[in-house]
Amino acid sequence: MSEPSMDWDAAYRQETPPPWSIGGPQPELAALIAEGTIRSDVLDAGCGHAALSLALAERGYTVVGLDTSATAIEAASVAAAERGLTTATFAQADVTNFRGYDGRFSTILDSGLMHALRPEKRQDYLRSIFRAAAPGAALYILAFAAGALGDAHGGAPRGFAEDELRDAVSTLWRVDDLRPAQVYGNAPESSDGPLAHLDRDDEGHFLAPGFLLTAHKPD
């Protein structure tokens with residue numbers, strides 16, 4: 001992720017996991033894996049601690065995780081090595097301007113990355129992953145809905161209005177579907193503000209409103 005006001009390395013160095021690290025793939029994306037929807041090779045854009053990449057590798061997928069945080073990439077690489085997962089590799093990269101993977105990936109997964117980018121960098125990001133995608137590749141973006149976590153000036157991602165997300169992605173990609181979805185996260189149950197009004201799962205994760213966008217790269 002590349003929001004300049006956020007020290008992503010510091011977020012991954014803290015003792016408690018950052019809010020977006022829930023210990024496994026986001027349920028919306030885990031469902032895609034369970035359904036057999038994902039095709040190798042896979043790009044996990046903004047992989048963070050890479051729970052999604054590791055889950056894919058455990059199922060035999062070849063996956064590359066990219067993140068701007070060297071701390072997150074190191075942790076992901078160590079986790080893959082400890083589990084003996086040889087089909088998951090990780091690299092530090094500016095997700096809005098990376099090269100070296102032209103036309104490689106059949107699936108690109110964005111698990112809460114795009115809503116964390118500065119608006120003026122989002123098209124750069126979409127161009128970068130478009131370049132890395134093979135013809136016909138599928139793109140899945142899980143993002144917060146606008147206002148899901150309150151006022152963006154308070155530090156939370158602003159999120160997207162439905163038409164805003166569709167219009168941004170459709171500059172390059174063919175949007176196939178855009179539906180409401182839930183984005184899970186970590187925060188103490190004593191949190192006040194918008195989080196206090198969100199539902200929780202059995203593990204204490206909050207469930208925030210969002211969208212799951214499905215698109216593909218034209219052949």
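Residues numbered from 1 in each chain as written. Predicted model: local features only at pLDDT ≥ 70, side-chain atom pairs only at ≥ 80, totals over all residues. Heavy atoms only, no water.

Going by the annotation in an unreviewed UniProt entry, the name recorded for the chain is SAM-dependent methyltransferase, with Mycobacterium paraffinicum given as the source organism.

### Looking at the nonpolar core
Of all hydrophobic cores here, the largest spans 36 residues; its most connected members are Ile38, Leu56, Phe90, Tyr140 and Leu149. Of all the secondary structure elements, the ones that give two or more residues to this core are α2 (27-34), α3 (51-58), α4 (70-82), β3 (88-92), β5 (133-144), β6 (174-185) and β8 (206-216). Once residues lying within four places of it in the same chain are set aside, the contact partners of Leu56 are Ile33, Ile38, Val42, Tyr61, Val63 and Leu109. Listed in part, the 32 residues of the second largest apolar core include Leu117, Ile129, Leu178 and Leu213. (Core = buried A, V, L, I, M, F, W, Y, C linked by side-chain atoms within 4.5 Å. Buried < 20%, exposed > 50% of the residue type's maximum accessible area, 1.4 Å probe, protein only. Helix = DSSP H or I, 4+ residues; strand = E, 2+ residues; numbered from the N terminus. Contact = heavy atoms within 4.5 Å.)

### Focus on unusual backbone geometry
Between Ser40 and Asp41 the backbone carries a cis peptide bond, its omega angle lying at -10°. Of note in the backbone geometry, Ala50 takes a positive phi value of approximately 70° without being a glycine. Within the secondary structure, Ala50 sits in the loop between β1 (42-45) and α3.

### Notes on the pattern of salt bridges
Counted by the stated rule, this structure contains 8 salt bridges. Measuring nitrogen to oxygen at the nearest pair gives 3.0 Å for the salt bridge that ties Asp41 to Arg104. Here Arg104 lies in the loop between β3 and β4 (105-111) and Asp41 lies in the loop between α2 and β1, a separation of 63 residues in the sequence. Exposure remark for Asp41: the relative accessible area of 22% places this residue in the partly exposed category. With a shortest N-O distance of 3.0 Å, Glu58 and Arg83 are connected by a salt bridge. With a gap of 25 residues between them, Glu58 in helix α3 and Arg83 in the loop between α4 and β3 connect regions that are remote in the sequence. (Salt bridge = Lys/Arg side-chain N within 4 Å of Asp/Glu carboxyl O.)

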